[in-house]
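Given next are the chains, with one letter for each unit.
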Amino acid sequence: MTNFHQMRERLLDELNVPSPVVPLVVDWHGAENLSLSIKRDDCIHPIISGNKWRKLADIFLQMTAPPPRVLSFGGGFSNHLHALGYVCHRLGIPFTAIVRGDYSRTPPPMLRDLSQWHTDIQYVTKHEFRQRNTPAYTAALQARYPGAMLIPEGGSQRAALAGVSQLIREQPVPFDTVLCPVASGATLAGIISALTPDQHALGVGVLQGEGYLESLVTKLLPDAPQNWHIEHRYTHGGYAKTSPELLGFCDDFERQTGIPVEPVYSGKLLFALKQMIAHGQFMAGHRLLIVHTGGLQGARWY
Ligand SMILES: *Cc1c(COP(=O)(O)O)cnc(C)c1O
């Protein structure tokens, strides 16, 4: 048992928290009239980066004893499975990953890492994966893995919000609008929960889901205030879909700022921001805080 606590201490010592907030210097048309800062959650840890650590933080910080197993769900490039698999590996907790689709013949880098960390990888069909949140399916998993702690896909659950809200609270910088990418909505919900009434949260949808993404946020945060909204115009056709324009933008951004981005989340967010600024969506003097949610491991195949 002491072993678990020591391993956790060692891991927590490696985390770069509070993560840095730095000015974002870009030559975008219109940006000269605004104040731009970026919260570098991508710097938290080389593997447990970004919002995936934020969403898991509370679970592992509150844990008094390790569960016999942790089990979670995701796609073949999942940043969540990657972060969680590594945390479990470091804490000596057996981990089962239920993966959508069969990658056994050509596993992407994410899954090769999981194998190296001794994850029990279970490939399931899309049909089976769709049942992951149904009571019958989770009961069957509990029967097969007694005592296992089930964590939903993306780590997105109510318990994730407190850890996410920390990213706003841990190092107060003045801002009017905070921006983040939105897939399952938990990051945005956690950020909203930490806002003061005069602050606004702007989510950029990375998949097509107008109405759906908003419902995910309100389900996680039933009494959410009204000071937030989601932009749906910058999905580039859907989840993990890219365009030459977006990939070119990511390269330019990296060259100009020295900040690495990937096209699934942070690249789409910053691309959207550049467009919104060009369209004059923010008043002169407006202070914007951009959350870099990490996830760079997922881009190893782009
Ligand atoms: C998972 C992920 C997101 C999406 O966060 P949600 O809480 O699911 O909306 C954003 N950025 C990165 C880098 C991610 O890995």
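Residues numbered from 1 in each chain as written. Predicted model: local features only at pLDDT ≥ 70, side-chain atom pairs only at ≥ 80, totals over all residues. Heavy atoms only, no water.

## A look at the nonpolar core
Logical step 1: Judged by nonpolar contacts, the single largest core of 30 residues is most densely connected at Ile 168, Val 178, Leu 188, Ile 191, Ala 201 and Trp 228.
Logical step 2: Looking at this core, the elements with two or more residues in it are helix H7 (161-169), strand E7 (177-182), helix H8 (186-192), helix H9 (212-220), strand E9 (228-231) and strand E10 (287-292).
Logical step 3: At five residues, the largest contribution of residues to this core is made by H8.
Logical step 4: Ignoring sequence-local partners within four residues, the contact set of Val 178 consists of Ile 168, Ile 191, Leu 195, His 200, Ala 201, Leu 202, Leu 289 and Val 291.
Logical step 5: Within the second largest apolar cluster, 29 residues are counted, among which are Ile 44, Cys 88, Ala 97 and Leu 114. (Core = buried A, V, L, I, M, F, W, Y, C linked by side-chain atoms within 4.5 Å. Buried < 20%, exposed > 50% of the residue type's maximum accessible area, 1.4 Å probe, protein only. Helix = DSSP H or I, 4+ residues; strand = E, 2+ residues; numbered from the N terminus. Contact = heavy atoms within 4.5 Å.)

## Let's talk about the pattern of salt bridges
Logical step 1: Taken as a whole, this structure holds nine salt bridges when the rule is applied.
Logical step 2: Of the charged contacts in the structure, one is a salt bridge between Glu 170 and Lys 39, with a shortest N-O distance of 2.7 Å. Taken together, the positions of Glu 170 in the loop between H7 and E7 and Lys 39 in strand E2 (residues 35-40) put the pair 131 residues apart, joining distant regions of the chain.
Logical step 3: For Glu 170, a relative accessible area of 17% translates into the label buried.
Logical step 4: For Lys 39, a relative accessible area of 1% gives the class buried.
Logical step 5: Between Asp 41 and Arg 54 there is a salt bridge, with the nearest N and O atoms lying 2.8 Å from each other. (Salt bridge = Lys/Arg side-chain N within 4 Å of Asp/Glu carboxyl O.)

## Topic: helix H11 (residues 266-278)
Logical step 1: Its 13 residues give H11 an end-to-end C-alpha distance of 18 Å, which sits within 8% of 18 Å, the value for a rise of 1.5 Å per residue.
Logical step 2: With respect to burial, H11 is a largely interior element, ten of its 13 residues being buried.
Logical step 3: Buried within H11 are the following residues: Ser 266, Gly 267, Lys 268, Leu 269, Leu 270, Phe 271, Ala 272, Leu 273, Met 276 and Ile 277.
Logical step 4: On its buried side, H11 packs onto E2, E7, strand E8 (200-205), E9, helix H10 (244-257) and E10.
Logical step 5: Among the residues trailing H11, Gly 280 stands out with phi positive, at a value near 70°. (Expected span 1.5 Å × (residues − 1).)

## A few points about the sheet that holds E2
Logical step 1: The six strands are arranged E1-E2-E10-E7-E8-E9 in an open sheet whose pairing can be described as mixed. Both outer strands of the open sheet, strand E1 (21-23) and E9, are each paired with one neighbouring strand and no more. Averaged over all adjacent pairs, the angle separating strand axes in this sheet is 25°, with direction ignored.
Logical step 2: Looking at chain direction, E1 and E2 are connected through three bridges and run antiparallel. Looking at E2, one finds that Val 21 is bridged to Lys 39.
Logical step 3: Where H9 meets the sheet, its contacts fall on E7, E8 and E9, and the angle it forms with E9 comes to roughly 150°. (Pairing = 2+ DSSP bridges. Axes fitted to C-alpha atoms, helices over the stretch in contact; angles between N-to-C directions.)

## Considerations on the environment of Ser 72
Logical step 1: Of note, Ser 72 is situated in strand E3 (residues 70-74).
Logical step 2: Residue Ser 72 is classed as buried on the basis of its relative accessible area of 0%.
Logical step 3: Those residues in contact with Ser 72, other than ones at most four positions away along the chain, are His 80, Leu 81, Leu 84, Phe 95, Thr 96, Ala 97, Ile 98, Ile 151, Pro 152 and Glu 153.
Logical step 4: A distance of 3.4 Å separates a polar side-chain atom of Ser 72 from the backbone oxygen of Pro 152. (Polar contact = N/O pair within 3.5 Å; in protein donor to acceptor, adjacent residues only side chain to side chain.)

## Some points on the packing of helix H2 (residues 50-62) against helix H3 (residues 79-91)
Logical step 1: Here H2 crosses H3 at 40°, and the two axes come no closer than 10 Å. The angle between H2 and H3 places the two elements in the oblique class. Classified by chirality, the crossing of H3 by H2 is right-handed. Residues Lys 52, Leu 56 and Phe 60 of H2 touch H3, and the partners they reach there are Asn 79, His 80, Ala 83, Leu 84, Val 87, Cys 88 and Leu 91.
Logical step 2: Per-class residue counts for the contact of H2 with H3 are seven nonpolar, two polar and one charged. (Parallel < 35°, antiparallel > 145°, perpendicular 65-115°, else oblique. Left-handed = near helix turned anticlockwise from the far one by under 90°. Nonpolar A, V, L, I, M, F, W, Y, C, P; charged D, E, K, R; others polar.)

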